[in-house]
Amino acid sequence: MNCRIINFGVHVDSRGSLVSLEGNKNIPFEIKRVYYIYDAKTDMERGKHAHRELEQLIVCLNGSCVFVLDDGKVRESVELDSPNLGLYIGKNTWREIRDFSKDCILMVLANKYYDENEYIRDYNEFLGISLNNVGVQ
Ligand code: T46
């Protein structure tokens with residue numbers, strides 16, 4: 001699966017903690033877009049799509065949530081609950097996001113501008129594309 005957890009270095013001193021994110025350094029792409037999600041309903045799911053070319057890095061700044069990741073062959077769950085961890089999600093990965101805590105704040109860094117045509121929202125279409133891509137990534 002083209003996804004991984006990145007453990008950021010934290011600058012801790014007597015005043016608190018600071019994490020720095022830099023494109024093509026500790027973030028594995030050039031950052032074109034940043035968005036954030038808060039007030040997510042705790043009983044509702046988000047995502048349920050894949051992206052054709054988009055790569056993203058997700059940081060849970062507060063609270064927690066669960067990402068279910070699927071590359072067409074393997075499905076796994078990752079709980080995000082720490083601001084010093086980033087979840088990298090490569091292209092062509094189906095994601096479902098659930099179990100938001102009430103105080104969850106997600107910050108997302110992306111390598112492309114927003115483009116609705118870039119979404120794959122139909123799971124069967126996603127499976128067809130991911131099977132054709134086996135061995136290509
Ligand atoms: C992902 C999770 C974590 C914009 O106008 N600009 C944007 O950059 C984005 C991401 C969305 N939108 C609009 C499009 C929809 O009308 O905001 C609305 C909600 O977007 P979406 O349904 O894509 O939100 P999520 O939370 O289901 O998914 C998003 C990302 O699309 C997805 O890649 O990993 O956040």
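About the criteria used
Residues numbered from 1 in each chain as written. Predicted model: local features only at pLDDT ≥ 70, side-chain atom pairs only at ≥ 80, totals over all residues. Heavy atoms only, no water. Helix = DSSP H or I, 4+ residues; strand = E, 2+ residues; numbered from the N terminus. Buried < 20%, exposed > 50% of the residue type's maximum accessible area, 1.4 Å probe, protein only. Pairing = 2+ DSSP bridges. Polar contact = N/O pair within 3.5 Å; in protein donor to acceptor, adjacent residues only side chain to side chain. Contact = heavy atoms within 4.5 Å.

Mind laying out unusual backbone geometry, listing which residues take part and the relevant values?
The phi torsion at K48 lies on the positive side, around 60°, for a residue other than glycine. With respect to the helices, strands and loops of the structure, K48 is situated in strand β5 (residues 46–51). Accessibility expressed as a relative area gives 41% for K48, which makes it partly exposed. Positive phi outside glycine occurs at N92, with the angle close to 55°. Residue position: N92 is located in the loop between β9 (85–89) and β10 (94–98). Under the relative-accessibility criterion, N92 is labelled buried at 8%.

Explain the pairing of β5 to me, using residue names and the numbers behind them.
One ladder, built from 3 bridges, connects β5 with β10; its direction is antiparallel. Bridge pairing in β10 links G47 to E96. Looking at chain direction, β5 and strand β12 (residues 119–120) are connected through 2 bridges and run antiparallel. Opposite H51, over in β12, you have Y119 as the bridge partner.

Outline the side chain of D70, supporting the account with residue identities and numerical values.
One can find D70 in strand β7 (residues 65–70). D70 gets classed as buried once you look at its relative accessible area, which sits at 3%. Side-chain polar atoms of D70 contact the backbone nitrogen of G72, separated by 2.7 Å. If sequence neighbours within four positions are ignored, D70 has contacts with M1, R75, T93, W94, Y123 and F126.

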